[in-house]
Amino acid sequence: MASRKKVLLKVIILGDSGVGKTSLMNQYVNKRFSNQYKATIGADFLTRELVVDDRVVTMQLWDTAGQERFQSLGVAFYRGADCCVLVYDVNSSKSFEALDGWRDEFLVQASPHDPENFPFVVLGNKIDMEESKRMVSQKRAMTWCQAKGNIPYFETSAKEAINVEQAFQTIAKNALAQEAETELYADYPDPIRIDSENSQNYGCNC
Amino acid sequence: MASFSLHPLLSALKVRITAVHQNGDRLYLGTATGTLQIYSFDISSTSNDEPLPVIKLVKTHTLGKKPIEQIGILKESGQLAVLSDSVVTLYSLSDLGKAGGSILSQARNAHAFAITSYTPSFARRKPATDDTQVGEVRKDLLVVGCRKKVVVFGAGKGGLKEAWELNLPHSPRQVIFPSAPSSSTSSPMPETVHLLYSPTSSVLLNIIPASTQRLSVSELTSAPPPPPHPSQVSTTGGASGSKADDKAADGGTAGGGLSMGMGALQGLGGYVGLGGRAAIPVGTRTVGGEVLISREDQGVFYSSEGNFTRTESLQWPAPPEAIGYASPYIYTAVPVVQSTASSSGNLPPTSTIQIHLSPTLSHRQTISLPGPPTGALSVTSMISVSGPPTTPAQAMSAAPKALFISTPTDRNLVTAEGSSVWLVRSGDIGEQVDELVREGHLSDAIGLVEAVGDSGLAPKRRLPQLRILSALQSFAQGKYQAAIETFLIFNVNPALVIALYPSDNVSGRLHVHRDKWMELFGAVEGARLEPQEIEVKLPEDGEGTARSLLRNLPHLGVTKKPSMDVVRKESRSEDDGASIRSDGEKVPAMTDTELPRAALEALMYFLSDRRQKLAGAIAALPSPLPAESDHPPLSALPIEELHDLPSLPMSELDHEHLLRMAQVIYTALIKVYLVARPVLVGSLCRIENWCDVEEVEGLLKAQKKFADLIDLYQGKKMHGKALGMLRELAKEEDDKLDKYPPTIRYLQKLGPSELPLIFEHSKWIFQEQPTMALQIFTADEPEVESLPRTEVMQFLEQVNLNSCMAYLEHIINVLGETGAEFHDKLSELYLQASRDALKTQSDRERPAEYSRFLDFLNKSTSYRPYRLLNRLEEDQMPEARAILVGRMGNHEEALRIYVFRLKDYSAAEAYCGRLYAKEPDPHGIFLLLLRIYLLPAKPSDPVLLDPAISLIATHGVRLDANEVLALLPPLVTMEDVKAFFVRTLRDSHAKKNDHRVVKSLVSARKERVDRVLMGLQIKRVRVSDQRICPQCHKRLGQSAIAVHVPRGEVTHLHCKDLFSAKLEKLRG
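- In the annotation of an unreviewed UniProt entry, chain B is listed under the name CNH domain-containing protein and assigned to Naematelia encephala.
- Heading Sequence similarities (unreviewed entry) of the UniProt record for chain B holds this comment: "Belongs to the VAM6/VPS39 family."
- Of the comments in the UniProt record for chain B, the one headed Subcellular location (unreviewed entry) reads "Endomembrane system".

- The name an unreviewed UniProt entry assigns to chain A is Small GTPase superfamily, from the organism Naematelia encephala.
- What the UniProt record of chain A gives under Sequence similarities (unreviewed entry) is the line "Belongs to the small GTPase superfamily. Rab family."

Here's what the structure looks like:
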């Protein structure tokens, strides 16, 4: 574990169509923003190197198509992800309500070893729009994040580059922690005994 | 059976055959006495019923007196090459026997030759228009190995007449051309030829016409040959070369088994008379430029660069006498010494034909030749039979593959019977594939099919199916992930993959026992999951039958007994117990109770991928997937139907198959999660899924995953079940904050379509906790707000009146409902409540319920007063009655109630004030009140002077003074009406002054307007002949014009708007 080998973090960005996933990524990686909307087809990734806790890491940001008809990526796509970023548009209630579904979808598809502690980060994008258009209050978003296990929450604007850098720094940090975690699970020697009593322990006993 | 068989083609020829060659429908045999026999040989007529080709002696030529050692055909020049008496002689094929042959004098002391044909490089450069043209420019190439030199004919421009020589340190005893690389369509001249000196050494001869040296020799790689193929190790009873020596020294102690090896053979050398011949190295070309050369008892594969082409070698029990190759099998004639306990080890070796599968080098079969009564047989000249080109399907069927000659070693027998010519026939390739599958040798089956191509095979025998079965074997061995990857590549039906997992927790009904896996995956019946170990075992009684067979040989042509003229030995041993297991380590296998985590991870991997592909396929469908409820549930389907779902890419499935596939995948996924990732069960239940509820609900309940089960029910619109479950759960809760809200929240999400269900399941909460229950209908949720209010109201009215009231208050006060029925209902409820309150509360204080009722009657305008009035009893609630009659327009009645029944004059005045505020003095409402006060309708009513006077005093200005005066009774003191007069007079003065001011203002305005008009009227514009409209630049002439302020531009009238707009723009 002490090896200082080059770390590659795989981060998946999910969210409804048009909430600004591609824009956020472009702002973070290329420092560019375009008002033009172009639907992402399939998936695409950009990488950026950054320093987290004195370690140089390469973050691989996987942008996905929010549009339903593009959603049939192979199993390899979600596998091995270190962090999942859920994006919604603060001016659209619907995009916020869809977060639940995106989170569930991600968990099912990636089936991480420790789903309860898998790092998610929520970004409420497009805060540059006028206040009167805002549909999801910060409080509502924070409540949701808290209920889902204290997910870090950021309000961002890809257009004005507000909070983008900070948000991705947190993403990288949490992803790095997860990366270290997964190495522990690298092999699974113990078979699961299903005849014995302890199988009940998998359920919630509270 | 699909195995190989050996057929005597020509037996007991009474002469020793020393060479054999087959070319098309001709078979050439060379004898020890220098005679060439030519037979007609038609293999195209052979079939399964008629396994032997028709063979007939056509001609015999005597070419010399010495034995013919080798025969070859130079196809392009039509010549027959014969090696005899250490020289190669060429005879013309067309008039063989008439003209003498031409001796290749440059190649004296010849030992062996090899012939091939090629397309010269100059010819290849020309675009070949058709095959015949290419055929015209092909040339023969003849390489003759002589004593300490090699001679190459036909490589130069001079054709066969030009010979190149190269001196060598040793004498090539065998010459082998590598096969043409499979990639090239034309065949260029081979650049290398293998020259075999001895069973242990050989070199490569390079032919490079362009270079000055032309011929050169290069050594083969000096690395030690690769180790033998493991299956062959077991073939030799686990003995390597040195071990075999030991065994041979032991003599016959290895009872029953086989003992073979170099030592044994060498010891027999003198006896069998093989000493001279054993020194001749043997080899054959295979495919793709590869050559197989025997190195004593090992067969090593070399490329035309002299490197090893494989990581394994072929291992024979003894050095082979002859090797032949017919794709995809290698046929080798090997003398095997059989030593039994009874005989002292001096038995003659039995000649066997060993057959190996070329791609995997696995040993397939050993056929023993029937031994002669005395001595042994020596086998020579193994050649592969080249048949006419056939279709792929025909190529798969049984066909003759190789020919060889056997000659008894016993001198007497040679002269008595002579040599025999044998034919090796392969079985049907498809059946061989089945056989390999049955034995569990999937990699061999794959190698076999790869070598011959699978276009002529049935789908079940093709590569994808074989790869799937091979993956299944890996799965059984615990290589789960690798197996799963293969299943994904070939889109294996998920139901089949799931069936491999234990039934209690993962596969359920889909489960199939390990013994049936192969069958389940479509393998032939009886296929083995674990590969069967092969062990060579010659039957003890083999000799007896073989002998009797040999005795029958001369009569075979007459007595056709198919069962007798086929010599076939089963090489497979029957008892597994004796077999040696090569794989020592045991992988933890999956049992019904133990499930390795890796297996589960692999299944999750598989299902996740399938799920994604499924989502893509469903999204791409032209119409949505049918509802699950339209089809019988998954649990009602017979298992076979699910196992028989097509193994196709998701995008090629139809709606129903997709639906079934989805159900299978999701149901399994949820079960795997329950075992391996319990936390994810919730996520899966919440997202869109096709889980079969019946199959998983028991499991979820057992693991107490009620919340997830409810989510699942909700997703499946099985709300009744979900609500029933919620109620069950609520029974165990004591805290009311845990008891009711889950159900309430659930009901709030249902929406109008599930109204009866909402009603049914909200009743119990209304009975137990009405205030909380009300949230079901009042929550600020779109689903709740869209519920039909009438139905809700009717329901609540039956369940709980207070709740109904609260609901109506909510929709009227908060949501602004104006529907009359709701207002009616609410007022009725209020009325009822007031009535009850009045009954119980006897003191004079007005009960809150009544105040609320009156308040509502006053505020609301949407109720229908007459309906309520009917419900109101005559003597009850006069206040309410007053409001109602007033609302119906009967103000007089209303006022009378206030005045006479209630004697509440301020209320009466307030009533008038409200009405007056709405529509000022419509019918002289105050006057009406005054009349009531002063002119009693009934004589019994008193004249109410005091209230009348206070009325005119306060509301005098709203009364017509004349009417008031007329109404006032004659005897009223000035004092009493003074206030009225003062107010009225002041009011009239004020009004008069007001009017005056207004009048002056109006007249002032009139004057101003007049002045402006005058000013405008004196303005003039001159329209001359020359004046032009600035808008359209045409003359104004006599047209109607418009003058623009303030500069007085003149335009046509129809140009007015455009010009005005222009001016507007200019001025900004």
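### Looking at the overall build of chain A
- Helix and strand counts for chain A come out as six helices and seven strands.
- Helices (α) and strands (β) of chain A occur, in sequence order from the N terminus, as β-α-β-β-α-β-α-α-β-α-β-α-β.
- Classification of the 206 residues of chain A by burial places 49% in the buried group.
- Partitioning the intrachain contacts of chain A with sequence separation of at least 6 by distance along the chain shows that 73% fall at a separation of at least 24.

### Details of the state of the cysteines
Residue and element names in this part refer to chain B.
- Following the criterion strictly, the structure yields zero disulfides over all chains and no others.
- Note on Cys685: no disulfide assigned, nearest cysteine sulfur contributed by Cys691 at a separation of 6.2 Å.
- You can call Cys685 buried: its relative accessible area is 0%.
- There is no disulfide at Cys1029, and the cysteine sulfur nearest it, in Cys1032, is 3.7 Å away.

### As for the confidence of the model for chain A
- Of the residues in chain A, 79% reach a pLDDT of 70 or more, and the chain-wide mean stands at 81.
- Low pLDDT, under 50, characterises residues 196–205 of chain A; the stretch is placed with 12 contacts to residues that sit more than four places away or in other chains.

### Brief notes about the side chain of Gln354 of chain B
All names here are of chain B.
- Its location among the elements puts Gln354 in strand E24 (residues 350–357).
- Residue classification places Gln354 among the buried positions, given a relative accessible area of 2%.
- Gln354 has contacts with Trp316, Pro317, Ile330, Tyr331, Thr332, Val334, Val336, His363, Gln365 and Thr366, leaving out every residue within four places of it along the chain.

### Overview of the sheet that holds strand E22 (residues 322–326) of chain B
Residues and elements named next belong to chain B.
- As summarised here, the arrangement of the four strands in space is E22-E23-E24-E25, forming an open sheet in which the pairing is antiparallel. If you trace the sheet from one side to the other, it starts and ends with E22 and strand E25 (363–368), each paired once. Across the sheet, the axes of successive neighbouring strands diverge by a mean angle of 20°, strand direction being ignored.
- With five bridges connecting them, E22 and strand E23 (residues 329–336) associate as antiparallel partners.

### Brief notes about the packing of aromatic side chains
Residues and elements named next belong to chain B.
- If you walk through the whole model with that rule in mind, you get 22 aromatic pairs over all chains.
- Between the aromatic rings of Tyr666 and Trp690, the centroid separation amounts to 5.6 Å while the plane-to-plane angle is 55°, which identifies the pairing as tilted. Taken together, the positions of Tyr666 in helix H19 (residues 655–676) and Trp690 in the loop between helix H20 (678–686) and helix H21 (693–702) put the pair 24 residues apart, joining distant regions of the chain. Residue Tyr666 shares its accessibility class with Trp690, and that shared class is buried.
- Each ring, one from Tyr740 and one from Trp764, has its centre 5.9 Å from the other, and the planes form 45°; the classification is tilted. Of the two residues, Tyr740 is situated in the loop between helix H24 (736–739) and helix H25 (741–748) and Trp764 in helix H26 (residues 755–768); the sequence distance between them amounts to 24 residues.
- Looking at Tyr740, the relative accessible area reads 6%, which means it is buried.
- Looking at Trp764, the relative accessible area reads 5%, which means it is buried.
- Site record: aromatic cluster; members linked through ring pairs are Phe759, Phe766, Phe777, Phe795 and Tyr807.

### Quick look at the pairing of E24 of chain B
All names here are of chain B.
- For E24, the buried fraction is high: eight of the eight residues fall into the buried class.
- In terms of strand pairing, E23 meets E24 through eight bridges, oriented antiparallel. Bridged to Val334 within E24 is Thr352.
- As paired elements, E24 and E25 share five bridges and run antiparallel to each other. By the bridge assignment for E25, Ile353 is matched with Ile367.
- Between the antiparallel neighbours E24 and E25 lie five residues, among them Leu361 with a positive phi of about 65°.

### Quick look at the pairing of strand E12 (residues 149–153) of chain B
All names here are of chain B.
- The element E12 is largely enclosed, with a buried count of five among its five residues.
- Across the two faces of E12 the burial is the same, with Lys149, Val151 and Phe153 and Val150 and Val152 all buried.
- In terms of strand pairing, strand E11 (residues 139–146) meets E12 through five bridges, oriented antiparallel. Each residue of the ladder has a partner; that of Val143, found in E12, is Val152.
- Adjacent in sequence and paired antiparallel, E11 and E12 are bridged by two residues, among which Lys148 carries a positive phi angle near 55°.
- Inspection of the sheet shows E12 paired to strand E13 (residues 163–167) by five bridges, in the antiparallel sense. Bridged to Phe153 within E13 is Ala163.

### Digging into the packing of helix H37 (residues 905–918) of chain B against helix H38 (residues 925–934) of chain B
Residue and element names in this part refer to chain B.
- It is at 9 Å that the axes of H37 and H38 come closest, and there the two elements cross at 155°. In terms of orientation, H37 lies roughly antiparallel with respect to H38. Considering how the two elements wind past one another, H37 and H38 form a crossing that is right-handed. Across the interface between the two elements, Tyr905, Ala908, Glu909, Cys912, Gly913, Leu915 and Tyr916 from H37 touch Ile925, Phe926, Leu929 and Tyr933 from H38.

### Description of a nonpolar patch on the surface
Residue and element names in this part refer to chain B.
- A cluster of nonpolar side chains, namely Val1021, Val1023, Ile1041 and Val1043, defines an oily patch on the protein surface of about 260 Å² accessible area.
- Note that Val1043 resides in strand E30 (residues 1041–1044).
- Among the residues examined, Val1043 registers a relative accessible area of 46% and is labelled partly exposed.

### Comments concerning the environment of Arg901 of chain B
Residue and element names in this part refer to chain B.
- By the element assignment, Arg901 lies in helix H36 (residues 891–901).
- By relative accessible area, which is 41% here, Arg901 ends up partly exposed.
- Residues Arg901 and Asp875 lie 26 residues apart in sequence; the distance between their C-alpha atoms is 9.7 Å.
- When residues no more than four places from it in sequence are discounted, the contact partners of Arg901 are Glu874, Asp875, Gln876, Pro878 and Arg896.

### Quick look at helix H4 (residues 99–110) of chain A
Residues and elements named next belong to chain A.
- Between its terminal C-alpha atoms H4 stretches 16 Å, which fits the 16 Å expected from 12 residues at 1.5 Å a residue.
- With 10 of 12 residues buried, H4 lies mostly within the body of the structure.
- Every buried residue of H4 is listed here: Leu99, Trp102, Arg103, Asp104, Glu105, Phe106, Leu107, Val108, Gln109 and Ala110.
- Following H4 by one or two positions, Ser111 has its phi on the positive side, about 30°.

### A few points about the pattern of salt bridges
- Under the counting rule described, the total for this entry stands at 26 salt bridges over all chains.
- The partner of Asp824 of chain B in a salt bridge is Arg864 of chain B, with the nearest N and O atoms 2.7 Å apart. One end of the pair, Asp824 of chain B, is in helix H32 (residues 820–840); the other, Arg864 of chain B, is in the loop between helix H33 (848–859) and helix H34 (865–871), with 40 residues separating them in the sequence.
- In this structure Arg864 of chain B comes out as partly exposed when scored by relative accessible area, which is 27%.
- Taken together, the shared-partner salt bridges connect Lys31, Arg48 and Glu165 of chain A into one network.

### A look at a negative patch on the surface
- Together, Glu640, Glu641, Asp644, Asp654 and Glu656 of chain B line one region of the surface with negative charge.
- A relative accessible area of 52% places Glu640 of chain B in the exposed class.

### Some details on the nonpolar core
- Ranked by size, the top nonpolar core spans 220 residues in total, and within it Phe106 of chain A together with Phe487, Phe521 and Phe777 of chain B carry the most contacts.
- It is H19 of chain B that provides the largest number of residues to this core, a total of 15 residues.
- With near-sequence residues (within four places) excluded, Phe521 of chain B lies in contact with Gln465, Ile468, Leu469, Leu472, Phe487, Val492, Leu496, Val497 and Leu500 of chain B.
- Grouped together as the second largest cluster of nonpolar side chains are 28 residues, Val19, Leu24, Cys83 and Ile171 of chain A included.

Cut-offs and rules
- Residues numbered from 1 in each chain as written.
- Chains lettered and ligands numbered in written order.
- Predicted model: local features only at pLDDT ≥ 70, side-chain atom pairs only at ≥ 80, totals over all residues.
- Heavy atoms only, no water.
- UniProt positions renumbered as here; feature names shortened; annotations may be inferred.
- Helix = DSSP H or I, 4+ residues; strand = E, 2+ residues; numbered from the N terminus.
- Buried < 20%, exposed > 50% of the residue type's maximum accessible area, 1.4 Å probe, protein only.
- Contact = heavy atoms within 4.5 Å.
- Disulfide = S-S within 2.5 Å.
- pLDDT = per-residue confidence, 0-100.
- Pairing = 2+ DSSP bridges.
- Axes fitted to C-alpha atoms, helices over the stretch in contact; angles between N-to-C directions.
- Phe/Tyr/Trp six-rings, centres within 6.5 Å; stacked < 30°, edge-to-face > 60°.
- Parallel < 35°, antiparallel > 145°, perpendicular 65-115°, else oblique.
- Left-handed = near helix turned anticlockwise from the far one by under 90°.
- Patch = residues over 30% accessible without salt bridge, like charges linked within 9 Å, V, L, I, M, F, W, Y side chains within 5 Å.
- Areas by Shrake-Rupley, 256 points an atom, 1.4 Å probe, with all protein chains shown as cover.
- Salt bridge = Lys/Arg side-chain N within 4 Å of Asp/Glu carboxyl O.
- Expected span 1.5 Å × (residues − 1).
- Lys, Arg positive; Asp, Glu negative; His and termini not counted.
- Charge placed at Lys NZ, Arg CZ, Asp CG, Glu CD.
- Core = buried A, V, L, I, M, F, W, Y, C linked by side-chain atoms within 4.5 Å.

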